[in-house]
Amino acid sequence: MKEKIKVIIANDQKDVKIPTGVRLLVRRCCNAVLTYEGFGEPAEISVTFVDDDTIHELNRQHRNVDSSTDVLSFPLGENGVYDKNLETGACLLGDIVISVPTAVRQAETYGHSLQREIGFLTVHSMLHLLGYDHVNGGIEAVRMREKEERVLTELGLKRNESYYMDSEEA
């Protein structure tokens with residue numbers, strides 16, 4: 001039996017219209033990471049779409065970094081131990097905050113779809129919620145990037161997918 005995963009999604013920005021299917025994609029990304037990592041318990045994750053000003057302020061308040069960023073992760077667990085929702089028994093993994101305007105710019109810069117960018121940011125943050133980190137670089141950063149790409153490939157969101165065309169499209 002598959003464990004129940006609850007992904008609560010809020011759109012707290014008005015700069016960019018969220019494309020159809022993005023909420024489902026975010027849920028699929030969260031589920032895919034938990035499946036890939038063998039997380040066998042019910043879980044809850046909160047994902048909020050914000051603008052650049054909001055993520056800048058959150059970055060300043062919580063990380064003492066006075067600039068905007070693409071995504072922030074606020075894990076609620078430590079060393080694999082999570083608070084539980086007393087009503088459902090689900091592990092409260094934490095919060096993901098995505099700057100949609102930044103995601104739009106990065107998708108353009110990297111030459112892929114907004115969906116692929118939001119998928120990447122969601123997968124990246126889910127790994128942070130599960131305790132992975134890349135800040136110090138080295139092998140842990142490489143391991144995290146490999147996991148991100150494996151999950152995204154499983155979801156059909158390979159890196160630079162927009163560069164590939166079927167021979168019939170050419």
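See the structure printed just above.
How each quantity is defined
- Residues numbered from 1 in each chain as written.
- Predicted model: local features only at pLDDT ≥ 70, side-chain atom pairs only at ≥ 80, totals over all residues.
- Heavy atoms only, no water.
- Axes fitted to C-alpha atoms, helices over the stretch in contact; angles between N-to-C directions.
- Helix = DSSP H or I, 4+ residues; strand = E, 2+ residues; numbered from the N terminus.
- Left-handed = near helix turned anticlockwise from the far one by under 90°.
- Contact = heavy atoms within 4.5 Å.
- Nonpolar A, V, L, I, M, F, W, Y, C, P; charged D, E, K, R; others polar.
- Salt bridge = Lys/Arg side-chain N within 4 Å of Asp/Glu carboxyl O.
- Pairing = 2+ DSSP bridges.
- Phe/Tyr/Trp six-rings, centres within 6.5 Å; stacked < 30°, edge-to-face > 60°.
- Buried < 20%, exposed > 50% of the residue type's maximum accessible area, 1.4 Å probe, protein only.

Draft legend 1. Local environment of the packing of helix 1 (residues 22-36) against helix 4 (residues 114-129). Between helix 1 and helix 4, the least distance of the axes is 9 Å, while the angle of their chain directions is 35 degrees. The two elements helix 1 and helix 4 cross, and the hand of that crossing is right-handed. Packed against helix 1, whose contacting residues are Val-22, Leu-25, Val-26, Cys-29, Cys-30, Val-33 and Leu-34, the element helix 4 presents Gln-115, Ile-118, Gly-119, Thr-122, Val-123, Met-126 and Leu-127 at the interface. Taken together, the residues of the contact of helix 1 with helix 4 break down into 11 nonpolar, 3 polar and no charged.

Draft legend 2. Structural detail: the pattern of salt bridges. Tallying each qualifying case throughout the model produces 6 salt bridges. Between Arg-60 and Glu-57 there is a salt bridge whose closest N-O contact spans 2.5 Å. Of the two residues, Arg-60 and Glu-57 both sit in helix 2 (residues 52-63), 3 residues apart, roughly one turn of that helix.

Draft legend 3. Spotlight on the sheet that holds strand 1 (residues 5-11). Pairing is mixed across the open sheet formed by 4 strands, whose spatial order is 1-2-4-3. Since the sheet does not close on itself, it has two edges, and those belong to strand 1 and strand 3 (71-75), each with one partner. In this sheet, neighbouring strand axes are inclined to one another by 15 degrees on average, regardless of whether the strands run parallel or antiparallel. Each of strand 2 (43-50) and strand 4 (91-99) is contacted by helix 3 (residues 100-110), which is oriented at about 65 degrees to strand 4, the strand it contacts most.

Draft legend 4. Region of the structure containing the packing of aromatic side chains. Taken as a whole and assessed by the stated rule, the structure comprises 1 aromatic pair. With 5.8 Å between their ring centres and 75 degrees between their planes, Phe-39 and Tyr-82 make a pair best called edge-to-face. Taken together, the residues Phe-39 in the loop between helix 1 and strand 2 and Tyr-82 in the loop between strand 3 and strand 4 connect sequence positions 43 residues apart. Classification of Tyr-82 as buried rests on a relative accessible area of 10%.

That is the geometry; function is a separate question.
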